[in-house]
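Fold and contact review
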Amino acid sequence: MSTAELTDRLLPQRVDNTYRGHKLALWLFGAVVLMKLAMSLNSIFNGYVVASSADGIPLDTFPSSAARTVIALFAIWGLAHLMICLLCILVLVRYRSMVPLMLALLLLEHLSRKLILQFLPIVRTGTPPGFLINFMLLALMIAGLALSLLRSRSNRSVQELYS
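In what follows, the accompanying structure is described. Counting restarts for each chain: residues are numbered from 1 in the order of the written sequence. A pLDDT threshold of at least 70 governs which residues receive local features in this predicted model, and a stricter bar of 80 or more applies before side-chain atom pairs are shown or counted, although totals over entire chains, interfaces and linings include all residues. Working from all heavy atoms in the structure, the side-chain values ignore hydrogens and water.

Considerations on helix H6 (residues 130–149)
Put simply, the rule is: Per the convention used, a helix needs a DSSP run of H or I reaching at least four residues, while a strand needs a run of E reaching at least two, with both numbered from the N terminus. Expected span of a helix, by definition, is 1.5 Å for each gap between consecutive residues, and there is one gap fewer than residues. Summary of the burial criterion: residues with accessible area below 20% of their type's maximum are buried, those above 50% are exposed, and those between are partly exposed, where the area comes from a 1.4 Å probe applied to protein chains only. Between two residues, a contact is recorded if the distance between any of their heavy atoms is within 4.5 Å.
With 20 residues, H6 should cover 28 Å at 1.5 Å per step; its first-to-last C-alpha distance of 29 Å lies within 8% of that length. Buried within H6 are the following residues: Gly-130, Asn-134, Leu-137, Leu-138, Leu-140, Met-141, Gly-144, Leu-145, Leu-147, Ser-148 and Leu-149. Looking at the packing, one finds that the buried side of H6 touches helix H1 (3–10), helix H2 (23–45), helix H3 (47–54) and helix H5 (99–119).

Following this line, the structure appears as structure tokens:
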């Protein structure tokens, strides 16, 4: 695939519901969005449990005001992800030509967050299970992005007819 084709896939000239990638990428995108939606709602409404168990942050050792601050930051972070998930749902339902871009943005956000945590690590207890979920999300996003950039067989057949 040429650089121009890749750019056209990531930044389509027309934003419409015409999806040109592999159909499996739509399912992977939907699974990622559904998981992120659940995670964001859980962070908003159940921040203490998410921070202390899923992420291994020892909130019970923090002063109560510090623990409330962490829980509030989890809720705010969850709200930001909820807004991103709503945009992703809109893309999935109405603007499918933007699926590769949204997968790339989700992947960029995920990797950027990991990079920030390398420089500003969070003290954690044990090996929190959130690592496995994030690793699975990373794998789904990479696979979804790769598949969304591939031209589906039906699109190849149509393009060959007009060549």
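Re the packing of aromatic side chains
Definition in use: Each Phe, Tyr or Trp ring (for Trp, its six-membered ring) is paired with any other whose centre lies within 6.5 Å, and the angle between the two planes then decides the class: stacked below 30 degrees, edge-to-face above 60, tilted in between.
What the rule picks out here adds up to two aromatic pairs. Pairing Phe-74 with Trp-77 gives two aromatic rings, centres 6.5 Å apart and planes at 65°, and the pair type is edge-to-face. Of this pair, Phe-74 and Trp-77 both sit in helix H4 (residues 64–93), separated by three residues, roughly a single helical turn. Relative accessible area serves as the criterion here: at 13%, Phe-74 is assigned to the buried category. Seen in terms of ring centroids, Phe-131 and Phe-135 are 6.3 Å apart; in terms of plane orientation they differ by 20°. Their pairing is stacked.

With respect to the side chain of Ser-97
Its location among the elements puts Ser-97 in the loop between H4 and H5. Taking the relative accessible area as the measure of exposure, Ser-97 reaches 4% and is therefore buried. Setting aside chain neighbours within four positions, we find Ser-97 in contact with Arg-9, Pro-12, Arg-14, Val-15, Asp-16, Thr-18 and Arg-20.

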